[in-house]
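Structure at a glance
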Amino acid sequence: MKVLLIGATGNVGLRLVAALLTHGHNVVAYVRSAQKLQSLLPASVYRQLSVVEGNAYDSHAIKNAIIHNDCEAVVNSAGVAAMAPWGKSDLPQIFAAVLEGVKQAGAERKKPLRVWFLGGLGVLSFPGSNSILSDHVPIFLAHRKNMALLKTLPPNTVDWSMICPSTMTPESSDFSVPTKSSHARLTASAGTPPLWQDSWMKHIPLIGKSLVAAMNASRYDTTLEQNADFIAHDLETRDSQYIGARVGIIDASR
Ligand SMILES: NC(=O)c1ccc[n+]([C@@H]2O[C@H](COP(=O)([O-])OP(=O)(O)OC[C@H]3O[C@@H](n4cnc5c(N)ncnc54)[C@H](OP(=O)(O)O)[C@@H]3O)[C@@H](O)[C@H]2O)c1
């Protein structure tokens with residue numbers, strides 16, 4: 001697919017460049033500075049990209065980048081959620097602008113775009129309950145705002161998915177293509193964290209679910225490369241099982 005990658009200079013973004021190319025996609029990198037992107041990538045990789053300079057706040061420029069470059073899919077890794085509930089983050093503003101640009105491009109084409117967003121573990125459902133994990137461990141709350149916005153979309157306007165990782169660590173800073181991840185492909189499920197470990201402790205009044213969520217959290221640590229590979233692999237088909245889903249992922253080999 002031809003993919004517009006917004007935020008290609010970031011931790012996830014640089015791995016996405018390498019993973020998307022490795023999976024045979026054409027990549028249009030949408031970045032604030034082409035010079036910065038060039039300085040971060042091997043010349044042999046940078047040469048394989050089309051690069052558009054622009055701000056992720058600018059929905060009109062994003063729509064134009066999609067239309068003028070004939071992109072069939074978008075991955076947004078721009079903007080970062082603050083950890084503390086009182087922390088400032090421009091992610092919701094970026095998210096809303098990207099979503100608007102993607103929606104308008106789909107409307108112009110009369111065909112919804114395929115899009116992957118980055119979320120966090122906290123927007124997944126607490127298994128067996130009506131709550132989500134960040135109801136019990138209230139961190140990285142920007143992702144909740146973004147999910148709330150996705151829920152307001154009219155049907156058939158954007159074919160979105162949101163990957164919901166816990167902490168992601170780098171395997172290496174080698175962004176050459178093809179990628180060489182030493183880790184297993186991730187196991188995924190829609191809506192809830194896969195392979196959740198339940199505990200009687202969830203029944204402890206007030207704090208039970210928070211304890212169980214906190215106990216589980218580090219089991220969902222993955223690498224940046226694994227998440228990038230997961231998205232790039234999913235985009236090999238247009239009919240993904242994850243369209244319209246929050247996607248929980250785990251490295252089941254750990
Ligand atoms: N890292 C983790 O462990 C982790 C875990 C769970 C979820 N996440 C989520 O994953 C996403 C990506 O995280 P990350 O670690 O890759 O973040 P990062 O390294 O800080 O990268 C952020 C990217 O956003 C770009 N950006 C910021 N504002 C922009 C704007 N106005 N216009 C265009 N580009 C803009 C930055 O570009 P410049 O180079 O121009 O600044 C950079 O490429 C975030 O939403 C984060 O909350 C991360």
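Before going into details, it helps to say that this report is about the structure given with it.

Rules behind the numbers
- Residues numbered from 1 in each chain as written.
- Predicted model: local features only at pLDDT ≥ 70, side-chain atom pairs only at ≥ 80, totals over all residues.
- Heavy atoms only, no water.
- Pairing = 2+ DSSP bridges.
- Helix = DSSP H or I, 4+ residues; strand = E, 2+ residues; numbered from the N terminus.
- Axes fitted to C-alpha atoms, helices over the stretch in contact; angles between N-to-C directions.
- Contact = heavy atoms within 4.5 Å.
- Buried < 20%, exposed > 50% of the residue type's maximum accessible area, 1.4 Å probe, protein only.
- Arc of directions from axis to C-beta.
- Parallel < 35°, antiparallel > 145°, perpendicular 65-115°, else oblique.
- Left-handed = near helix turned anticlockwise from the far one by under 90°.
- Nonpolar A, V, L, I, M, F, W, Y, C, P; charged D, E, K, R; others polar.
- Phe/Tyr/Trp six-rings, centres within 6.5 Å; stacked < 30°, edge-to-face > 60°.
- Lys NZ or Arg CZ within 6 Å of the ring centre and 35° of its normal.
- 1 Å grid on protein atoms, 1.4 Å probe; cavity = no way out; pocket = protein on both sides within 12 Å on 5 of 7 lines; lining within 4 Å.
- Points joined across faces, edges and corners; volume = space filled by probe spheres on them.

**Thoughts on the sheet that holds strand β2 (residues 26-31)**
In space, the 8 strands of this open sheet follow the order β3-β2-β1-β4-β5-β6-β10-β8, with mixed pairing throughout. Each edge of the open sheet carries a strand with a single partner, namely β3 (50-53) and β8 (187-190). Mean inter-strand twist for the sheet, computed between neighbouring axes without regard to direction, equals 20 degrees. Across 4 bridges, the pairing between β8 and strand β10 (residues 245-250) is antiparallel. Directly across from alanine 188, in β10, lies its bridge partner isoleucine 249. In the packing of helix α1 (residues 11-22) onto the sheet, contacts are made with β1 (2-6), β2, β4 (73-76) and β5 (113-118), and the angle to β1 comes to roughly 170 degrees. Contacts from helix α5 (residues 91-109) reach β1, β4, β5 and β6 (158-164) within the one sheet, and its direction differs from that of β5 by about 170 degrees.

**Observations regarding helix α7 (residues 142-151)**
Within the span of α7, buried status applies to Ala142, His143, Asn146, Met147 and Leu150. Down the axis, α7 shows its buried residues gathered within 140 degrees of arc, on one side only. Exposed residues pointing more than 90 degrees away from the buried face of α7 are listed as Lys145 and Lys151. Along its buried surface, α7 packs onto α5, β5, β6 and β10.

**Observations concerning the packing of α1 against helix α9 (residues 224-234)**
At a minimum axis distance of 8 Å, the contact between α1 and α9 shows a crossing angle of 50 degrees. On the basis of their axis angle, the class for α1 and α9 is oblique. In terms of crossing hand, the pair formed by α1 and α9 is right-handed. Note on element contacts: α9 touches α1 through Leu224, Glu225, Ala228, Asp229, Ile231 and Ala232, opposite Asn11, Val12, Arg15, Leu16, Ala19 and Leu20. Split into classes, the residues belonging to the contact of α1 with α9 amount to 8 nonpolar, 1 polar and 3 charged.

**Observations concerning the packing of aromatic side chains**
Counted by the stated rule, this structure contains 5 aromatic pairs. Centroid distance tryptophan 196 to tyrosine 220: 6.3 Å. Interplanar angle 25 degrees. Geometry classified as stacked. A residue pair is termed long-range when its members are at least 10 positions apart, and tryptophan 196 in the loop between β8 and α8 (208-217) and tyrosine 220 in the loop between α8 and β9 (222-223) qualify at 24 residues. Residue classification places tryptophan 196 among the buried positions, given a relative accessible area of 15%. A ring pair is formed by phenylalanine 230 and tyrosine 242, whose centres lie 5.7 Å apart and whose planes are at 45 degrees; its orientation type is tilted. Taken together, the positions of phenylalanine 230 in helix α9 and tyrosine 242 in the loop between α9 and β10 put the pair 12 residues apart, joining distant regions of the chain. Taken together, the ring pairs connect Trp116, Phe230 and Tyr242 into an aromatic cluster. Positioned above the aromatic ring of phenylalanine 126 is the side chain of lysine 209, whose terminal nitrogen or guanidinium carbon lies 5.9 Å from the ring centre.

**Side note on the layout of surface pockets**
Space inside the largest pocket adds up to approximately 1200 Å³. Considering the residues around the largest pocket, the lining is formed by 46 residues, among which Gly79, Val80, Ala81, His143 and Met168 are closest to the centre. Going through the elements one at a time, α1, β2, α5, α6 (133-136) and α8 are the ones with two or more residues in the lining of the largest pocket. Taken together, the residues of the lining of the largest pocket sort by class into 26 nonpolar, 17 polar and 3 charged. Volume-wise, the second largest pocket comes out at about 210 Å³. Within the residue set of the lining of the second largest pocket, elements represented by two or more residues are α1 and α9.

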